[in-house]
Amino acid sequence: MSARARTHAAGTAPALTPIPERLLLGAGPSPVPRSVLDALAEPTIGHLDPVFVQVMEETAALLRTAFDTANPATLPLSTTGSGGMDALVVNFIEPGDRVVCGVNGLFGERMADALTRAGAELVRVEAPWGRALAVEDLLAAAEPGLRAMVVIHGETSTGVCQPLDGLAAACREREALLLVDCVTSLSGQPLSIDGDGVDAAFSGTQKCLNCPPGLSPFTAGPRALERLGARAQPPRSWYLDLSLVGAYWVGPTDPDAAPRPRTYHHTAPVNLIYGLREALRLVVEEGLAARWRRHRRAHEALRQALGVFGFERLAPAEEALAPLLALRVPDGLDEADLRARLLREHGIEVSGGLGPLAGQIWRIGVMGVGARPDPQRRLVQALADVLGGGAGEALSALQAGWEQ
Ligand SMILES: *Cc1c(COP(=O)(O)O)cnc(C)c1O
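Residues numbered from 1 in each chain as written. Predicted model: local features only at pLDDT ≥ 70, side-chain atom pairs only at ≥ 80, totals over all residues. Heavy atoms only, no water.

Chemist: Just to check I follow, could you spell out the overall build of the protein chain for this structure?
Modeler: Across its full length, the protein chain holds 14 helices and 15 strands. When its C-alpha atoms are laid out on the principal axes, the protein chain stretches across 70 × 65 × 50 Å. Counting every position in the protein chain, which comprises 404 residues, the buried fraction comes to 55%. Look at the contacts in the protein chain between residues 6 or more apart in sequence, and 71% of them connect residues 24 or more apart. Of the roughly 17,300 Å² of accessible surface on the protein chain, 53% is carried by carbon and sulfur atoms. Taken as two groups, the 37 positive and 46 negative side-chain charges of the protein chain have centres that lie 4 Å from each other. (Helix = DSSP H or I, 4+ residues; strand = E, 2+ residues; numbered from the N terminus. Buried < 20%, exposed > 50% of the residue type's maximum accessible area, 1.4 Å probe, protein only. Contact = heavy atoms within 4.5 Å. Areas by Shrake-Rupley, 256 points an atom, 1.4 Å probe, with all protein chains shown as cover. Lys, Arg positive; Asp, Glu negative; His and termini not counted. Charge placed at Lys NZ, Arg CZ, Asp CG, Glu CD.)

Here you go:
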C-alpha cells in the first residue's frame, strides 16, 4: 500500500494527548469555572437564529455592566485581546495622527508598535518596567493637535495599574480620544469606562472574566464613533472595521426606532459567546464593587504569604495591579526549574517574567475564581513543598491576609 493510500484508510487516526487538570495561576488563561465550561458545551445554534440574537443582546448588556458604560457599541470581538488592540488602532487612528502612548512594559511596547504600523506620529511617554507612568508626564506630552492618548490600564508584564485620573479631561480639552487596554483589569481592578471618561477600550476573556481565550470585549463611546465616521479612508482591516461588525452586533440604540436587521458579517463563535455570557453573569451576580474588593484582598493575602519565602512585589503598593501579582524571585533560586516543578508535580501554572524581567520575576494571576483562598492555599502549599518548607508560616500569613 502506498503512503497516501495508508493515510486515507479508515482507522488510522492517531492517539490524542489527554488534557490534564491544571490550576491556572499565571498571567492567563485563568481558571474556567464549571458552569462556564458547561455553557460552552451547549448545542451550537445558528448565529442568526432569533434565540442566538437574544443571547447576543444579553451578552452585550452584561458587558456594559462589566465595563460600567452605557455605550451601545459594546460587544465581544471574535479575536483575542491582541485583536482588540488592533481593532482599537485601525478604527480610531489615521495615518499622520499624533498619538501619545504610555510605555512601561511589554503591552505598552506592543501598542506603540501597532500605532506605528498604523502610521501614527508617536509620542512615547515612558516609565521603568514595574512603575506606573507619571500622570504629569502624560499630560505634559498632550500638546495641542493631539488626536489620541493610549494607555495600558493593567500592565500584565509588570503587575502595574495605570491611574487614569485627569487623562480624560486633558484629552477632551484637546479633542483627543482616550483609548485604553483593560485586558487584565476588567472586573478585577476598579474601572468605569463612563466614569473615567474612556472613549474606547478593549479587553480579553481569559483574565479576570475566567473564560477561555478567543474573544475581545470591546466598547466605543460617542466621541470615538464620531471619529470613526469622520475618517478620510475606511479602516485598513475589513474584519475589524467596527462599522461593519457593529451592523451585526449592535441593535437599535433609539427605543422608538424600527429594529435594524442584523446582517451577516462573519460567523460568530457561538459557543464561546455562551461561555462569555455565563462568565459575565457570574461577574454581575457578585457585583463589580465586591469583586474589586475581593481581588485586592486576594492580592494582598498572597503577597504576604509569598513574602514568607522571600518573594517581594515589584510594584510599589499604590501602583500594584490587583489581578496580577508580579514578584521578584529571591536570589539563588532557579526560578524556571521551580515553575516547571510546580506544573509537573502539582499541576499549578505560574508565569515567569518577560523581556528585561525574564528570569527575575514571577507573575501570579489573581483573577476571578483564582482570587479565592482555596486555589491560593494550594499554590502556597505546593511552593512550600518544592522549596522544602515554610508551609505553616506562609499559610498563616495567607489566612491572616484574608481576614484583614
Ligand atoms: C493578555 C493581554 C493582551 C493580549 O491578549 P491575548 O488574548 O493574549 O491576545 C493584551 N494586553 C494586555 C494588558 C494583556 O494582559
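Chemist: Which parts of the structure should I look at to understand the pairing of strand β4 (residues 121-126)?
Modeler: A regular strand places its side chains so that they alternate between the two faces of the sheet. Pairing geometry for strand β3 (residues 98-103) and β4, over six bridges, is parallel. In the strand pairing of β4, V100 is matched with V123. For the crossover that starts at β3, traverses helix α5 (residues 106-117) and ends in the parallel β4, the hand is right-handed. (Pairing = 2+ DSSP bridges. Right-handed = clockwise from strand over helix to strand, strands pointing away.)

Chemist: Would you take a moment to explain the sheet that holds strand β5 (residues 148-152) for this structure?
Modeler: The pairing of strands in a sheet happens through backbone hydrogen bonds and is either parallel or antiparallel. An order of β2-β10-β9-β8-β5-β3-β4 is seen for the seven strands of this open sheet, with the pairing classed as mixed. Looking at the sheet topology across the chains shown, the edges are occupied by β2 (73-77) and β4. Averaged over all adjacent pairs, the angle separating strand axes in this sheet is 15 degrees, with direction ignored. In the sheet, strand β9 (residues 200-202) pairs with strand β10 (residues 216-220) via three bridges, with the strands oriented antiparallel. Residue F202 lies in a different strand from β10, and its bridge partner there is F218. Where helix α3 (residues 50-67) meets the sheet, its contacts fall on β2, β9 and β10, and the angle it forms with β2 comes to roughly 105 degrees. Packed on one face of the sheet, α5 meets β3, β4, β5, β8 (177-181) and β9 and runs near 160 degrees to β3. (Axes fitted to C-alpha atoms, helices over the stretch in contact; angles between N-to-C directions.)

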